[in-house]
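Observations on the model geometry
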Amino acid sequence: MNEAKSSKEVIERLQIRVKKLENLLDQKSKSRNLNYTRAPGGPIRSVTFRMGTKDDRLRIYWADGSKSDLPCLKEQSIWVCG
């Protein structure tokens, strides 16, 4: 029974950490002034990655002429975009 309680506590702590990370990402994305759009159907023409600036992002240029911006964060020396 003690092992089940310990596992439950670990899961609860992980859920709290995930929620905190989700809130942090939500706050960061709201504070940025980028045009977030859904990805259009079709092929990608090119991709650019901007880092070390006020608006770190991955920008996708689509064959139809549109573009999509994905905000990026650096977490523990790993870049995460999405």
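Report on the accompanying structure. It should be emphasised that the depicted structure is a prediction, and the values quoted were computed from it without experimental measurement.

On to the overall build of the chain. Helix and strand counts for the chain stand at one helix and four strands. Along its sequence from the N terminus, the chain presents helices and strands in the succession α-β-β-β-β. Counting over 82 residues, the chain shows a buried share of 16%. In the chain, the share of contacts with a sequence separation of at least 24, taken over all contacts with a separation of at least 6, comes to 26%.

As a further point, take the packing of aromatic side chains. Working definition: an aromatic ring pair is given by the centre-to-centre distance plus the angle between the planes. For the coordinates displayed, the defined rule picks out one aromatic pair. Between the aromatic rings of F49 and W79, the centroid separation amounts to 5.3 Å while the plane-to-plane angle is 85°, which identifies the pairing as edge-to-face. With a gap of 30 residues between them, F49 in strand β1 (residues 44-50) and W79 in strand β4 (residues 78-81) connect regions that are remote in the sequence. A relative accessible area of 38% places F49 in the partly exposed class.

Let's shift gears to the state of the cysteines. Evaluated as defined, the whole model comprises one disulfide. Disulfide pairing places C72 opposite C81 at an S-S distance of 2.0 Å. Disulfide C72-C81: the torsion about the S-S bond is 110°, which places it as right-handed.

Another point: the pairing of β1. Sheet analysis places β1 next to strand β2 (residues 57-62), joined by six bridges and oriented antiparallel. Bridging across to β2, S46 finds its partner in Y61. Hairpin connection, β1 to β2: the antiparallel pair is bridged by six residues, and G52 has positive phi, about 75°.

Conventions we followed
Residues numbered from 1 in each chain as written. Predicted model: local features only at pLDDT ≥ 70, side-chain atom pairs only at ≥ 80, totals over all residues. Heavy atoms only, no water. Helix = DSSP H or I, 4+ residues; strand = E, 2+ residues; numbered from the N terminus. Buried < 20%, exposed > 50% of the residue type's maximum accessible area, 1.4 Å probe, protein only. Contact = heavy atoms within 4.5 Å. Phe/Tyr/Trp six-rings, centres within 6.5 Å; stacked < 30°, edge-to-face > 60°. Disulfide = S-S within 2.5 Å. Pairing = 2+ DSSP bridges.

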